[in-house]
Amino acid sequence: MVVRAAKKKVCMYCEEKREPDYKNYEELRNFMTERGRIKGRKQTGLCAKHQRRLAVQIKRARQLGLLPYVVY
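**Student:** Which residues make up the pattern of salt bridges, and what are the values?
**Tutor:** When charged atoms on two side chains of opposite charge get close, those side chains can pair. Applying the stated rule across the entire model yields four salt bridges. Of the charged contacts, one joins Glu 19 and Arg 53 as a salt bridge, the two residues approaching to 2.8 Å between their closest N and O atoms. Pair noted here: Glu 19 is in the loop between helix H1 (12-16) and helix H2 (25-28) and Arg 53 is in helix H4 (residues 48-63), with a separation of 34 residues, a long-range link. By relative accessible area, which is 39% here, Arg 53 ends up partly exposed. Here Asp 21 and Lys 23 are joined by a salt bridge, their closest N and O atoms 3.8 Å apart. The network of salt bridges with shared partners includes Glu 16, Arg 18 and Glu 27.

What counts, and where the lines are drawn
- Residues numbered from 1 in each chain as written.
- Predicted model: local features only at pLDDT ≥ 70, side-chain atom pairs only at ≥ 80, totals over all residues.
- Heavy atoms only, no water.
- Salt bridge = Lys/Arg side-chain N within 4 Å of Asp/Glu carboxyl O.
- Helix = DSSP H or I, 4+ residues; strand = E, 2+ residues; numbered from the N terminus.
- Buried < 20%, exposed > 50% of the residue type's maximum accessible area, 1.4 Å probe, protein only.

Just distances and angles here, no functional claims.
Pasting the structure below:
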């Protein structure tokens, strides 16, 4: 039986040397579930710093009406 080491996910924002922005709400939708919840770090593959900043930007976009709040 061969056991392979999983590839380490690289943060998309670190790789491209940029930050999440509320104005780019189409991109922010990729980090949300279909019900409007923010996905966790393990699912998004972001580093802790960018995951925190992403959450702030999603919340900012929600207040401006660009993204939906959680739908039950």
